[in-house]
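# Fold and geometry: a report
Listed here are the chains, written in short residue letters.
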Amino acid sequence: MGPQFWHEQWQLNHIGFHQAKVHPMLSEHWPVLGLAAGQVFVPLCGKSLDMAWLRSQGHTILGVELSPLAVADFFKEQALDVSTRSAEGFDWYENDGFQLLCGDFFHLEPRHLEKVAVVYDRAALIAMPPQLQIRYAEHLLHLLPHRPPILIITFEYVEEEMEGPPFSVSDQRINELFGHVYSIGTLSAVDALELQPGLKGRGLNWLAEKMHYLHVID
Ligand SMILES: C[S@@+](CC[C@H](N)C(=O)[O-])C[C@H]1O[C@@H](n2cnc3c(N)ncnc32)[C@H](O)[C@@H]1O
């Protein structure tokens, strides 16, 4: 599941992962966390409307996304002009508190994320097969030595019933990837099968969607 796969998904408009609404777990749980306004890092951001919602709550957004189609669409759909420049191996699309870096997450360096106050991962970790999840988690931890809180939304299902993406990520898996550094709490867990008819149609009989909150206790 390399870059070519994702470029093709965007070119063919095979973007079933994109949601036409702000994720309900985000709008429900984010305010309760009482996080001060700051920069939110959105890995593998696509053109997610969640970024616009986070901006409306006073945060600035740093996203990274492989597909230039996704990044350009985001600004178009938000009716925002955009300035672009190339630097440090990325194309930077910027305006109004949004900074979307078009390029490969794995090429980011810690200096790019120095100001990040919170990470919001919806459909980034679960977009990757298990071996790549390990690389993703290791790189994320490398990028964030100041250990800001991380929100991760996962799907969990019986792996034999469907081939990802999205890939199933269990609580145990989250713990293996991040538990040596972060305390992990589950803010929300819902039976999502009926909410995801596309995934049900691919053969799932059970699907849980969860929001995990990872934070370092001082
Ligand atoms: C499942 S989609 C989720 C998009 C977004 N988070 C959302 O909720 O709609 C995964 C996205 O990650 C992007 N992607 C995959 N691998 C990437 C990488 N190594 N670096 C940056 N973006 C990547 C894909 O182009 C795709 O838009």
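Rules used throughout
Once a new chain begins, its residue numbering starts again from 1 and follows that chain's sequence as written. Reporting in this predicted model follows two pLDDT cut-offs: at least 70 for local features of residues, and 80 or more for side-chain atom pairs to be given and counted; totals over whole chains, interfaces and linings ignore these cut-offs and use all residues. Where side-chain values are given, they derive from all heavy atoms of the structure, hydrogens and water being excluded. Secondary structure is summarised from DSSP: a helix means a run of H or I of at least four residues, a strand means a run of E of at least two, and numbering begins at the N terminus for each. Buried, partly exposed and exposed residues are distinguished by accessible area as a fraction of the type maximum, computed with a 1.4 Å probe on protein chains only: under 20%, between the cut-offs, and over 50%, respectively. Note on definitions: a residue-residue contact is assigned when non-hydrogen atoms from the two residues lie within 4.5 Å. Each accessible area is a Shrake-Rupley result for a 1.4 Å probe, and residues are judged covered by the shown protein chains and nothing else. Only four residue types enter the charge count, namely Lys and Arg as positive and Asp and Glu as negative; His and the chain termini do not. Throughout, a charge is located at the NZ atom of Lys, the CZ atom of Arg, the CG atom of Asp or the CD atom of Glu. Side-chain atoms within 4.5 Å are what join buried Ala, Val, Leu, Ile, Met, Phe, Trp, Tyr and Cys residues into a set we call a nonpolar core. Think of it this way: a Phe, Tyr or Trp ring, Trp meaning its six-membered ring, pairs with another when their centres are within 6.5 Å, and the plane angle makes it stacked under 30 degrees, edge-to-face over 60, tilted otherwise. Summarising the geometry, the arc corresponds to the directions from the helix axis toward the C-beta atoms. Whether a residue is near a molecule or strand depends on its heavy atoms: it is near if one of them lies within 4 Å of it. Two N or O atoms form a polar contact when they lie within 3.5 Å of each other; inside protein one atom must be a possible hydrogen donor and the other a possible acceptor, and for residues adjacent in sequence the pair counts only when both atoms belong to side chains. When residues are sorted by character, Ala, Val, Leu, Ile, Met, Phe, Trp, Tyr, Cys and Pro go into the nonpolar class, Asp, Glu, Lys and Arg into the charged class, and all the rest, Gly among them, into the polar class.

### Details of the overall build of the protein
Looking only at helices and strands, one finds 7 helices and 9 strands in the protein. Taking all 218 residues of the protein together, the buried fraction comes to 49%. In the protein, 69% of the contacts between residues at least 6 apart in sequence involve partners at least 24 apart. Summing over all exposed atoms, the protein offers an accessible surface of approximately 10,400 Å²; the carbon and sulfur share of this is 51%. Put simply, the protein has 14 plus and 27 minus side-chain charges, and the middle of one group is 3 Å from the middle of the other.

### Some details on the nonpolar core
The biggest cluster of nonpolar side chains holds 39 residues, and the ones touching the most others in it are Phe 41, Phe 105, Leu 108 and Phe 178. When residues of this core are traced back to their parent elements, those giving at least two are strand E2 (60-65), strand E4 (90-95), strand E6 (116-122), helix H5 (130-143), strand E7 (150-156) and helix H6 (171-178). Among the elements that make up this core, the one with the highest residue count is H5 (5 residues). Excluding anything up to four places from it in sequence, Phe 41 contacts Leu 62, Val 64, Phe 105, Leu 108, Leu 113, Val 116, Val 118, Val 119, Tyr 120 and Leu 140. Counting 24 residues, the second largest nonpolar core, distinct from the first, contains Met 25, Cys 45, Tyr 120 and Ile 153.

### Observations regarding the packing of aromatic side chains
Inspection of the entire model under this criterion finds 8 aromatic pairs. Where Trp 10 meets Phe 17, the ring centres are 5.6 Å apart and the plane angle is 65°; that geometry is what we call edge-to-face. Each ring, one from Phe 105 and one from Tyr 136, has its centre 4.9 Å from the other, and the planes form 35°; the classification is tilted. Remark: Tyr 136 occurs in helix H5 and Phe 105 occurs in the loop between strand E5 (98-102) and E6; sequence separation between them is 31 residues. The same class applies to Phe 105 as to Tyr 136, namely buried. Here the aromatic residues Phe 5, Trp 6, Trp 10 and Phe 17 are joined through ring pairs into a cluster of three or more.

### Considering helix H1 (residues 3-11)
Listed as buried for H1 are Trp 6, Gln 9 and Trp 10. Take H1 and look down its axis: the buried residues cluster within an arc of 95°, on one side only. Projecting away from the buried face of H1 at angles above 90 degrees are the exposed residues Gln 4 and Gln 11. On its buried face, H1 sits against E2 and helix H4 (68-77). A positive phi of about 60° marks Asn 13, the residue just after H1.

### Here's the deal with the site of the ligand
Neighbouring residues of the ligand: 16 residues in total, closest Leu 44, Glu 65, Asp 104, Phe 105 and Arg 122. Asp 104 is positioned such that a nitrogen or oxygen atom in its side chain is 2.9 Å from a nitrogen atom of the ligand. Looking at the shell around the ligand, its residues break down into 10 nonpolar, 3 polar and 3 charged.

### Comments concerning the environment of Val 169
By secondary structure assignment, the location of Val 169 is in the loop between E7 and H6. Taking relative accessible area as the criterion, Val 169 reaches 0% and is therefore assigned buried. Residues Val 169 and Asn 95 lie 74 residues apart in sequence; the distance between their C-alpha atoms is 34 Å. Discounting residues that sit within four places of it in the chain, Val 169 has contacts with Leu 125, Ile 126, Gln 133, Thr 154, Phe 155, Glu 156 and Ile 174.

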